[in-house]
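Summary of the model geometry
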There are 2 protein chains.
Amino acid sequence: MGKTNIITIGREYASGGREIGKLVAETMGVPFYNKEILHMAAENLKMSAEDVKFADETAASSLLYSMSLMSNLSTSVSLPINDRIFIEEREVIKTLAQNGPCVIVGRCADNILKEIRDDVLNVFIYADSEFRVKRAIDEYGENPDDVYAVLRKHDKKRSTYYNLNTGQKWGAKDNYDICLNSANIGIEMCAKLIVKLASES
Amino acid sequence: MGKTNIITIGREYASGGREIGKLVAETMGVPFYNKEILHMAAENLKMSAEDVKFADETAASSLLYSMSLMSNLSTSVSLPINDRIFIEEREVIKTLAQNGPCVIVGRCADNILKEIRDDVLNVFIYADSEFRVKRAIDEYGENPDDVYAVLRKHDKKRSTYYNLNTGQKWGAKDNYDICLNSANIGIEMCAKLIVKLASES
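These notes cover the structure that comes with them. (Residues numbered from 1 in each chain as written. Chains lettered and ligands numbered in written order. Predicted model: local features only at pLDDT ≥ 70, side-chain atom pairs only at ≥ 80, totals over all residues. Heavy atoms only, no water.)

Moving on, we come to the interface of chain A and chain B. With 21 residues of chain A at the interface, the matching set in chain B holds 21 residues. Summed over both partners, the interface of chain A with chain B buries about 2,000 Å², with 60% contributed by carbon and sulfur atoms. Summed over the three residues of chain A that lose the most area to chain B, namely Y126, K173 and D177 of chain A, the buried surface amounts to 28% of that side. The interface formed by chain A and chain B includes 2 salt bridges. K192 of chain B is the salt-bridge partner of E200 of chain A, the closest N and O atoms lying 3.6 Å from each other. For the pair chain A and chain B, the number of links is 13 residue pairs in polar contact (both at pLDDT 80 or more). Taken together, the elements giving at least two residues each to the side of chain A that touches chain B come down to strand 4 (120-126), strand 5 (178-181), helix 9 (182-185) and helix 10 (187-200) of chain A. (Contact = heavy atoms within 4.5 Å. Buried area = accessible area lost by both parts, 1.4 Å probe. Salt bridge = Lys/Arg side-chain N within 4 Å of Asp/Glu carboxyl O. Polar contact = N/O pair within 3.5 Å; in protein donor to acceptor, adjacent residues only side chain to side chain. Helix = DSSP H or I, 4+ residues; strand = E, 2+ residues; numbered from the N terminus.)

Put into structure tokens, the structure is as follows:
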């Protein structure tokens, strides 16, 4: 690996991957991209973020929903909305990487950049259910009664999205340079290790 | 996790896990245990290291071989040789951990210490086949003609040993605090990150 310019972070739901990415970006003084990628893609496609938010990191949305959205579009549309969003997000990610050093969370960025750049550090953040459940309740306000189902639903959504779009297995360590257990290591230490690795490699 | 005293390192064959463990131990000024654990266990069982070397990190050796060994033992033996070795290695690992900070490679040390200590950092080292094949030839003198088969054989042996003795899946990242891709990160940087994590957590 050459000097690291781009850091991608895959993450289990509520594992703290987004917070770790933010900390890394702040420490290194580089831009942080997460939901922003969706907004940029939506703008490029001349859709409102509201219209496409259900398609973000979703591989298999309701056909009916897709069709209803497609029927409202003035431009000619031949692909399902999810595929169009993915294709556009992919272009956004490539452009962001070209524009300079940054941290990108989710959206198959590791796989999208793997073939075209050698200055990308690919990170995966994971944690046990106990840690993630606590964070989902405390940080995201999830209902304690069905929080385990929420965890499973989000992880399933992310893995389906990744697996279908990349042909690889989401969270399989071979796809990443480093995998960190945020529950055991702590969010700040995860960020410190990533910064050290990105700065010195 | 409290302050780290013990570092365990699981590793794919020829991924550099042993070298990384040695570097970490040297840097931190603590003992390094790998094959030594087998020798200590053999001594405790009053067997020669030669007699037991085939049982090291092997869960399912030939029944015939086990029986031939057992028939030569003067003491009463009720368990297969591999199980006796595992049980004795487990005791050795617990004792080594009690004796003070150290680095332990392989032998299910992560799982053995998990229930009884909270000052253990569990690391897994992995790498792609290309990197490991090169190292297996260059460092271990494996024959290039069948080196892929050797890789598969050793990984299979380690995973069977770990899975049968722990009920967990060898290399599954949930069992570890940090997983490092030595092919991408480099052996020295892997050691640096482990030292940083062990020193500051």
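Another point: helix 8 (residues 147-166) of chain B. Residues and elements named next belong to chain B. Taking 1.5 Å per residue, 20 residues should reach 28 Å; helix 8 reaches 28 Å between its end C-alpha atoms and fits that length. Among the residues of helix 8, V147, V150, L151, D155, R158, S159, Y161, Y162 and T166 are the ones counted as buried. Taken down its axis, helix 8 places every buried residue within 160° of arc, on the same side. The outward face of helix 8, more than 90 degrees from its buried face, is lined by the exposed residues R152, K153, K156 and L164. Buried residues along helix 8 sit in contact with strand 1 (6-11), helix 5 (81-99), helix 6 (109-114) and helix 7 (129-138). Just past helix 8, the residue G167 takes up positive phi, approximately 75°. (Expected span 1.5 Å × (residues − 1). Buried < 20%, exposed > 50% of the residue type's maximum accessible area, 1.4 Å probe, protein only. Arc of directions from axis to C-beta.)

With that settled, consider the pairing of strand 1 (residues 6-11) of chain A. All names here are of chain A. Among the 6 residues that make up strand 1, 6 are buried, leaving the element largely enclosed by the rest of the structure. The alternating pattern of strand 1 places I6, T8 and G10 on one face and I7, I9 and R11 on the opposite face, and all of these are buried. Pairing between strand 1 and strand 3 (residues 102-105): 4 bridges, direction parallel. Within strand 3, the position partnered with I7 by the bridge is V103. (Pairing = 2+ DSSP bridges.)

Moving on to the side chain of D119 of chain A. Residue and element names in this part refer to chain A. Position of D119 relative to the elements: it lies in the loop between helix 6 (109-114) and strand 4. Side chain to side chain, D119 and R117 meet in a polar contact 2.9 Å long. Residues contacting D119, with those up to four places away along its chain left out, are K3, T4, N5 and I6.

Turning our attention to the relation of the copies chain A and chain B. With an RMSD of 0.0 Å, chain A superimposes on chain B once it is rotated by 180° and translated 0.0 Å along the axis. Considering both components of the superposition, the chain copies are consistent with a two-fold axis. Residues of chain A ranked by C-alpha distance from the rotation axis are headed by C179 of chain A, positioned 2.5 Å from it. (Least-squares fit on C-alpha atoms with pLDDT ≥ 70 in both.)

Core analysis: the largest hydrophobic core is formed by 46 residues, its most contacted members being I104 and L113 of chain A together with I104 and L113 of chain B. Setting aside residues no more than four positions away along its own chain, L113 of chain A makes contact with I6, T8, I93, K94, A97, I104 and V120 of chain A. In this structure, I9, C190 and V195 of chain A together with L180 of chain B belong to the second largest nonpolar core, which totals 45 residues. (Core = buried A, V, L, I, M, F, W, Y, C linked by side-chain atoms within 4.5 Å.)

Quick look at the packing of helix 1 (residues 17-28) of chain B against helix 10 (residues 187-200) of chain B now. All names here are of chain B. Orientation of helix 1 relative to helix 10, taken along the N-to-C sense of each, is 50°, at an axis distance of 9 Å. It follows from the interaxial angle that helix 1 and helix 10 lie oblique. Viewed along their axes, helix 1 and helix 10 form a crossing whose handedness is right-handed. For the pair helix 1 and helix 10, the contacting residues are E19, I20, L23, V24, T27 and M28 in the first and I187, E188, C190, A191, I194, V195, A198 and S199 in the second. (Axes fitted to C-alpha atoms, helices over the stretch in contact; angles between N-to-C directions. Parallel < 35°, antiparallel > 145°, perpendicular 65-115°, else oblique. Left-handed = near helix turned anticlockwise from the far one by under 90°.)

The first and last C-alpha atoms of helix 1 (residues 17-28) of chain A sit 16 Å apart over 12 residues, in line with the 16 Å expected at 1.5 Å per residue. Phi turns positive, to about 65°, at G29 of chain A, one or two residues after helix 1 of chain A.

A negative phi angle is the norm for most residues apart from glycine, just as the trans form is the norm for most peptide bonds. Of note, K46 of chain A is a non-glycine position whose phi angle comes to about 60°, a positive value. Examined against the element boundaries, K46 of chain A turns out to sit in the loop between helix 2 (35-44) and helix 3 (49-52).

A few words now on the environment of F86 of chain A. All names here are of chain A. Within the element layout of this structure, F86 appears in helix 5 (residues 81-99). The class of F86 is buried, set by a relative accessible area of 7%. Sequence-wise, F86 and L151 are 65 residues apart; in three dimensions their C-alpha atoms are separated by 23 Å. Non-local contacts of F86, meaning those with residues more than four positions away in its chain, are made with C108, I112, Y161 and N165.

Glancing now at the pattern of salt bridges. Per the counting criterion, the structure on display carries 20 salt bridges over all chains. Across the salt bridge formed by E12 of chain B and R132 of chain B, the nearest N and O atoms sit 3.4 Å from each other. Of the two residues, E12 of chain B sits in the loop between strand 1 and helix 1 while R132 of chain B sits in helix 7, which places them 120 residues apart along the sequence. A residue is classified by how much of its surface remains accessible, and E12 of chain B, at 10% relative accessible area, is buried. Because the salt bridges share partners, they merge into one network encompassing E12, R132 and D155 of chain A.

Now for the sheet that holds strand 4 (residues 120-126) of chain B. Across the sheet, 10 strands lie side by side as 2(A)-3(A)-1(A)-4(A)-5(A)-5(B)-4(B)-1(B)-3(B)-2(B); this open sheet has mixed pairing. Looking at strand neighbours, the two that pair on one side only are strand 2 (32-33) of chain A together with strand 2 (32-33) of chain B, the edges of this open sheet. Here 4 bridges tie strand 4 of chain B to strand 5 (residues 178-181) of chain B, and the two strands are oriented parallel to one another. Note that in strand 5 of chain B the partner of I125 of chain B across the bridge is L180 of chain B.

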